[in-house]
Amino acid sequence: MNSQLQVNSEIGTLREVLVHRPGPELENITPDTMKDLLFDDVPFLKIAQREHDQFTDLLRNHNVKPVYIEKLLQDILRDGNVKTGFIKDYLAQFTLDSIQVETTQAYLQSLSAHALTTTIYAGLRSETVGLLENYQQPFVLPPLPNAYFTRDPQAVLGNGVTVNPMTFAARKPESFIFSWIVDHHPRFQSTPIWLQPTLPTHLEGGDELVLNQQTLALGISERTTREAALTLAEHLFNNPASPFETVIAIHIPHNHAMMHLDTVFTMVNRDQFTIFPGIMDQDYHLNIEILQPNNKGGVKIRQATYLKPVLKESLGLSEIDLIETGGGDAIIAPREQWNDGSNNLAIAPGEVVTYDRNYRSIQLMRDHGLTVHEIPSSELARGRGGARCMSQPLWRDEL
Ligand SMILES: NC(=O)NCCC[C@H](N)C(=O)O
């Protein structure tokens with residue numbers, strides 16, 4: 001069967017992209033739970049939805065089809081056996097007593113595929129299923145407010161996927177949902193799976209950048225361990241279905257502002273990247289490891305210090321243009337990086353979508369010859385992710 005996924009670059013003309021429209025889950029964040037749910041504020045849902053609709057309208061107007069992950073989940077839950085199995089396994093992820101399991105299972109089973117999908121994302125209050133509610137823990141199932149960042153729990157690399165072992169409890173159910181979609185949705189029939197979420201360490205999609213058909217860049221970050229990067233490299237090099245020959249592991253600071261590589265570094269054209277200079281020291285040093293197959297089923301590692309020569313070598317280019325977020329200014333750069341000024345989604349070579357608020361970085365990208373489409377960002381930005389984080393490409397044209 002022909003593959004239904006094709007992502008051999010970060011910049012090939014985008015045709016299809018996985019998204020999630022923010023829903024009632026955003027209203028289930030409170031000041032007490034905000035931190036554990038990986039938010040810095042409580043967003044205003046109505047405006048967040050309006051902003052997200054403007055994002056997806058912009059994509060449609062550029063011939064990119066948004067595929068809603070909630071629709072894929074709903075599709076598979078129409079099958080009675082899948083629905084029963086999904087509910088049972090979904091509940092098994094949480095610490096619940098037998099009464100909570102029984103009551104919740106019966107309630108979820110009574111819902112339509114549509115209502116069940118909404119509930120899975122929104123979370124479920126104990127009182128809704130007739131259980132006593134406790135002010136400290138009102139939910140029997142937690143809300144999934146990060147679900148609109150479809151970049152992270154899954155990644156399409158080539159014509160296969162990684163179903164990611166997430167770092168924090170708040171996001172683990174999102175990869176669980178995708179693993180069921182991969183196993184049961186016809187869209188993913190025969191899809192190679194490069195990595196399973198059961199890996200006992202962590203790796204997230206914001207750290208996975210497809211530089212070209214043979215080369216993957218991986219962030220070693222707050223969310224992706226070196227160990228997971230080595231494991232993924234080994235899986236890719238040893239799987240005959242995978243074309244990847246090189247993995248460039250880039251170590252970045254471990255903190256909330258720069259949780260993934262794509263919050264500080266994105267590819268925007270054949271020879272252009274945006275980068276937050278704060279990931280390098282004053283001499284532009286970085287800790288980079290170049291992983292390649294050692295022909296004994298393992299991985300050989302080469303160290304490097306400067307990014308430009310590594311990118312030139314792997315992309316076969318004589319020059320690379322690194323565009324610094326906020327022009328590298330000591331105040332503008334960190335301010336705009338915080339609001340995802342480095343997190344750009346390329347919809348074609350040299351054409352990007354980005355948050356409107358980062359106007360200094362936008363001007364700079366335009367000065368460097370890029371076409372920039374701006375999207376509103378007052379509420380969406382409160383979750384600390386931008387246009388790349390809110391999108392998982394399913395199909396890009398070849399370059
Ligand atoms: N690729 C990305 O950087 N995604 C942004 C994820 C934000 C979300 N609040 C999280 O902390 O996981």
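Residues numbered from 1 in each chain as written. Predicted model: local features only at pLDDT ≥ 70, side-chain atom pairs only at ≥ 80, totals over all residues.

The name given to the protein chain in an unreviewed UniProt entry is Arginine deiminase, with the source organism recorded as Fructilactobacillus hinvesii. What the UniProt record of the protein chain gives under Subcellular location (unreviewed entry) is the line "Cytoplasm". Per UniProt, the protein chain has the following entry under Sequence similarities (unreviewed entry): "Belongs to the arginine deiminase family." (UniProt positions renumbered as here; feature names shortened; annotations may be inferred.)

Draft legend 1. Molecular detail of the site of the ligand. Neighbouring residues of the ligand: 15 residues in total, closest Leu38, Gly206, His260, Gly385 and Cys389. Considered class by class, the residues forming the shell around the ligand number four nonpolar, six polar and five charged. (Near = placed C-beta within 6 Å. Nonpolar A, V, L, I, M, F, W, Y, C, P; charged D, E, K, R; others polar.)

Draft legend 2. Spatial organisation of helix 5 (residues 113–122). Buried residues of helix 5: Leu116, Thr117, Ile120, Tyr121 and Ala122, and no others. With its phi angle positive at about 95 degrees, Gly123 sits one or two positions after the end of helix 5. (Buried ≥ 20, exposed ≤ 12 C-beta atoms within 10 Å, placed from the backbone. Helix = DSSP H or I, 4+ residues; strand = E, 2+ residues; numbered from the N terminus.)

Draft legend 3. Representation of the sheet that holds strand 2 (residues 65–68). The strand order across the open sheet built from three strands is 2-1-19, with neighbouring strands paired in mixed fashion. Edge strands, defined here as strands with exactly one partner in the open sheet, are strand 2 and strand 19 (392–396). The sheet shows a mean angle of 25 degrees between the axes of neighbouring strands, direction not considered. Here strand 1 (residues 14–19) pairs with strand 2 via four bridges, running parallel. Bridged to Leu18 within strand 2 is Val67. (Pairing = 2+ DSSP bridges. Axes fitted to C-alpha atoms, helices over the stretch in contact; angles between N-to-C directions.)

Draft legend 4. Quick peek at the packing of helix 2 (residues 69–77) against helix 5. Between helix 2 and helix 5, the least distance of the axes is 9 Å, while the angle of their chain directions is 130 degrees. Considering the angle they form, helix 2 stands oblique to helix 5. Crossing geometry of helix 2 relative to helix 5 is assigned as right-handed. Counted together, Glu70, Leu73, Gln74 and Leu77 of helix 2 and Ala113, His114, Leu116, Thr117 and Tyr121 of helix 5 form the full contact between these two elements. (Parallel < 35°, antiparallel > 145°, perpendicular 65-115°, else oblique. Left-handed = near helix turned anticlockwise from the far one by under 90°. Contact = placed C-beta atoms within 7 Å.)

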